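Here's the letter readout for the chains.
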Amino acid sequence: MDTELLKTFLEVSRTRHFGKAAEHLYLTPSAVSFRIRQLESQLGVTLFTRLRNNIQLTSSGEALIPHAESMLLAWARAQHEVALSERQTQQLAVAGTANLWDAYLQEGLHRLYCELPALSLRADIRTPEQMTRALLGRTLDLAFLTDPARIEGVRHIALHTMELQLVSTYSGLTAIDAMAQDYIRIDWGTAFNTQHAKLFNTATPPLLHTGSVRIALEYLLHHGGSAFLPGAMARSYLEQQQLFVVADAPSINREVYAAYLPGSERQGLIDRVIELFGPKAEPVS
């Protein structure tokens, strides 16, 4: 099967628009439509219902998404391994959520390249659902997340406890004031959302809701407001008094986990990478 057909299918499924998919893929809308018809012909199913300005996945299309993602990841990994140089004798695929790369993982990446010069690394940003599918499909060696995937066979190692503090560009705020005035809600995962709801029972909608701590921090510094940030990430801004801790707001701790399928031929390398990414190495499951 032509992998370009799968790439086109995933882009249309993401945008739900043939024109937008064509722009992102640098194709014409007719070429995108032709590729989708080709794929449907090969599979013998209809992947999308095409109503005016309303493109929806069929049940067959929904079922194809995880398989298409796995096939493209496997193909990319095969290309990566074949192209390894003589200097790069080890290869590993890792992924984490966008927030974890910004708040924690980037530092570990620097340590990897210093300690493992022969390592050829593929590092991606993925959603927890995508990482779980890729682990089970063995197209991903190691996933980093804040909510363990409770799936049989996947082992989790607690790497780090990340303290999230409520900080604000306004000094002297109470927690109630911070929630009511220009609050920026960062999605730190299911457990965070549950604890947040228990601590802050407010009907005031956030000024901004984002899954990226980098977006939240940039907005915060330029436009003002309050948000839960990792203490280590906020430290320099607190020292410069660009941000202030909301004193009466409790901090919320989030564990950072490494997840993998045991028994891989790369197990020794996985163990070493886990060691380099965090000071803790406590098995959870």
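The structure under discussion appears in the preceding block.
This structure is a prediction, so every number in the text was calculated from the model and none was measured.

Visitor: So, the overall build of the chain: which residues are in play, and what are the values?
Guide: A tally of regular secondary structure across the chain gives eleven helices and twelve strands. Seen through its principal axes, the chain has C-alpha atoms that stretch 65 × 50 × 35 Å. Looking at the chain as a whole, 45% of its 285 residues are labelled buried. Put simply, 74% of the contacts in the chain that link residues at least 6 apart link residues at least 24 apart. Within the chain, one finds 25 positive and 29 negative side-chain charges whose respective centroids are separated by 5 Å.

Visitor: With reference to specific residues and values, describe the pattern of salt bridges.
Guide: Opposite charge on two side chains permits pairing when their charged atoms draw close. Applying the stated rule across the entire model yields eleven salt bridges. A salt bridge links Lys7 to Glu4; the shortest N-O distance between them is 3.2 Å. One end of the pair is Lys7 and the other is Glu4, both in helix H1 (residues 3–15) and three residues apart, which spans about a single turn. Taking the relative accessible area as the measure of exposure, Lys7 reaches 39% and is therefore partly exposed. For Glu4, a relative accessible area of 31% corresponds to the partly exposed category.

Visitor: Outline helix H11 (residues 267–277), supporting the account with residue identities and numerical values.
Guide: When H11 is considered as a whole, its buried residues turn out to be Gln267, Leu269, Ile270, Val273, Ile274, Leu276 and Phe277. Here the buried face of H11 lies against strand E3 (90–96), helix H5 (98–115), strand E4 (119–125), strand E5 (142–145), strand E6 (155–168) and strand E11 (252–260).

Visitor: Before we move on, could you go through the packing of aromatic side chains and cite the residues and values that matter?
Guide: One pass over the structure, following the stated rule, counts five aromatic pairs. For the ring pair Phe9 and Phe48, a centre distance of 5.6 Å and an interplane angle of 50° mean the geometry is tilted. Taken as a pair, Phe9 in helix H1 and Phe48 in strand E1 (residues 48–51) lie far apart in primary sequence, 39 residues in all. Taking the relative accessible area as the measure of exposure, Phe9 reaches 0% and is therefore buried. Between Phe18 and Phe48, the ring centres sit 6.4 Å apart and the planes meet at 70°, which makes this aromatic pair edge-to-face. With a gap of 30 residues between them, Phe18 in helix H2 (residues 18–25) and Phe48 in strand E1 connect regions that are remote in the sequence. We note that Phe18, like Phe48, is buried.

Visitor: Explain the nonpolar core to me, and be specific about the residues and the numbers.
Guide: By size, the foremost hydrophobic cluster in this structure holds 51 residues, and its most contacted members are Leu112, Leu142, Phe144, Leu159, Phe228 and Leu229. Setting aside chain neighbours within four positions, we find Phe144 in contact with Val94, Ala95, Gly96, Thr97, Leu100, Leu105, Met131, Leu159, Tyr257, Ala258 and Phe277. Within the second largest apolar cluster, 19 residues are counted, among which are Ala22, Leu39, Leu64 and Leu72.

Visitor: An account of unusual backbone geometry is needed here, citing residue identities and associated values.
Guide: One non-glycine residue with positive phi stands out, namely Tyr26, at about 60°. Within the fold, Tyr26 resides in the loop between H2 and helix H3 (29–43). For Gln241, which is not glycine, the phi torsion reads 60° and is therefore positive. Classification of Gln241 by relative accessible area gives exposed; the value is 57%.

Visitor: Tell me about the pairing of E5, and name the residues and values.
Guide: Neither face of E5 is left uncovered, since the one carrying Leu142 and Phe144 and the one carrying Ala143 and Leu145 both have all their residues buried. As paired elements, E3 and E5 share three bridges and run parallel to each other. Bridging from a neighbouring strand, Ala95 pairs with Ala143 of E5. Two strands pair when backbone bridges link them, and E5 and E11 are joined in this way by three bridges, in the antiparallel orientation. From the neighbouring strand, Leu145 faces E11, where its bridge partner is Tyr257.

Parameters at a glance
Residues numbered from 1 in each chain as written. Predicted model: local features only at pLDDT ≥ 70, side-chain atom pairs only at ≥ 80, totals over all residues. Heavy atoms only, no water. Helix = DSSP H or I, 4+ residues; strand = E, 2+ residues; numbered from the N terminus. Buried < 20%, exposed > 50% of the residue type's maximum accessible area, 1.4 Å probe, protein only. Contact = heavy atoms within 4.5 Å. Lys, Arg positive; Asp, Glu negative; His and termini not counted. Charge placed at Lys NZ, Arg CZ, Asp CG, Glu CD. Salt bridge = Lys/Arg side-chain N within 4 Å of Asp/Glu carboxyl O. Phe/Tyr/Trp six-rings, centres within 6.5 Å; stacked < 30°, edge-to-face > 60°. Core = buried A, V, L, I, M, F, W, Y, C linked by side-chain atoms within 4.5 Å. Pairing = 2+ DSSP bridges.

Keep in mind these numbers describe shape, not what the thing actually does.
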